[in-house]
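Residue-level structural notes
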Amino acid sequence: MSTKKILVVEDEKPISDILKFNLEKSGYEVLCAYDGGDGLNKALNESVDLILLDVMLPVMEGFDVLKKVREVKQNVPILMLTAREEEVDKILGLEWGADDYITKPFSMRELLARVKANLRRTVSEAEAVASEIATFGNLAINYSRYEVTKNSEIVELTLREFELLKFLSAQPGMVFSREMLLEKVWGYEYFGDVRTVDVTIRRLREKIEDDPAHPLVIMTKRGIGYYLNK
Ligand code: CA
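Conventions and cut-offs
- Residues numbered from 1 in each chain as written.
- Predicted model: local features only at pLDDT ≥ 70, side-chain atom pairs only at ≥ 80, totals over all residues.
- Heavy atoms only, no water.
- Phe/Tyr/Trp six-rings, centres within 6.5 Å; stacked < 30°, edge-to-face > 60°.
- Helix = DSSP H or I, 4+ residues; strand = E, 2+ residues; numbered from the N terminus.
- Buried < 20%, exposed > 50% of the residue type's maximum accessible area, 1.4 Å probe, protein only.
- Donors = N, O, S within 2.8 Å, 3.2 Å for Na, K, Ca; no water.
- Axes fitted to C-alpha atoms, helices over the stretch in contact; angles between N-to-C directions.
- Parallel < 35°, antiparallel > 145°, perpendicular 65-115°, else oblique.
- Contact = heavy atoms within 4.5 Å.
- Nonpolar A, V, L, I, M, F, W, Y, C, P; charged D, E, K, R; others polar.
- Pairing = 2+ DSSP bridges.
- Core = buried A, V, L, I, M, F, W, Y, C linked by side-chain atoms within 4.5 Å.

1. Focus: the packing of aromatic side chains
Scanning all chains against the criterion turns up two aromatic pairs. Here Tyr146 and Phe162 contribute two aromatic rings whose centre-to-centre distance is 5.9 Å and whose plane-to-plane angle is 85°, an arrangement assigned as edge-to-face. In this pair, Tyr146 is assigned in the loop between β7 (139-142) and β8 (147-150) and Phe162 in helix α6 (residues 159-170), connecting sequence segments 16 residues apart. Residue classification places Tyr146 among the partly exposed positions, given a relative accessible area of 31%. Its relative accessible area of 2% is what places Phe162 among the buried residues.

2. Considering the coordination of the calcium ion
Those protein atoms acting as donors to the calcium ion are Asp11 (OD), Asp54 (OD) and Met56 (O), and they sit at 2.1 to 2.3 Å. Each donor residue of the calcium ion lies on one chain, and together they are spaced D-x42-D-x1-M.

3. So, the packing of helix α7 (residues 178-186) against helix α8 (residues 195-208)
One way to put it is that α7 packs onto α8 with a least axis distance of 9 Å and a crossing angle of 80°. It follows from the interaxial angle that α7 and α8 lie roughly perpendicular. Here Arg178, Leu181, Leu182 and Trp186 of α7 come into contact with α8, specifically with Thr196, Val197, Asp198 and Thr200. Class assignment of the residues belonging to the contact of α7 with α8 gives a composition of four nonpolar, two polar and two charged.

4. Section: the pairing of strand β11 (residues 218-221)
On a regular strand, each side chain points to the face opposite its neighbour's, so the side chains alternate between the two faces of the sheet. As defined by bridge partners, β11 adjoins strand β12 (residues 225-228) across four bridges and the pair is classed as antiparallel. Across the sheet, the residue bridging to Lys221 is Gly225, located in β12. Hairpin remark: β11 followed by β12, antiparallel, with three residues in the connecting loop; positive phi at Gly223, about 80°.

5. A short note on the nonpolar core
Grouped together as the largest cluster of nonpolar side chains are 26 residues, with contacts concentrated most on Val148, Leu164, Leu165, Leu168, Leu181, Ile208 and Ile218. Elements supplying a minimum of two residues to this core: β6 (133-136), β7, α6, α7, α8 and β12. Filtering out sequence-adjacent residues up to four positions away, Val148 remains in contact with Leu139, Ala140, Ile141, Glu153, Ile154, Val155, Leu157, Phe162 and Leu165. Membership of the second largest hydrophobic core comes to 25 residues, among which are Leu7, Ala33, Val48 and Met60.

Listed below in structure tokens is the structure:
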């Protein structure tokens, strides 16, 4: 497998340096940007496998970088680095699709675990060979092309949204707890916040349901979790 390239967008040089050092030690190739403008430029023009993106950045703040990257690249995993709890609320409420976040100060071990988990998802996606198409009402999921259509029109989903839908669709009618979804779809057991699941479900519903307030595809089992309608 080729070396994975990670873009670190962080203006605090000591943090950037320690990230670069540890990521390189773990076998990744690292590209650094020290402001939002340069970060955006590198994110769009370089082939990167994952982006670590600080929220508070000079020139252009992290949220704007995220939004602009997502307009062009839907699939590259983006982990937000944040120093404040109110930023976490903002990340969770984002419509533009950060895949994950980590709060400062973070342990390097946790950060590396998150990076690995997010990269592993993209690798398994790339290696998947299923060529099946499943349909649920007016929704069609093409597993090999990672494509979802609604009434034959393509629905733009982030990789995480697609993976969540894919996971639920593998066993329609089966109810999964938020903890279970976090473990199975996000790929790590101990670090996640279950609110992440709710937010991603909400985003998915906004994209695939006719009336997101009264979903017919992704259902809530109150007090337990979520399931896909058969
Ligand atoms: Ca900063």
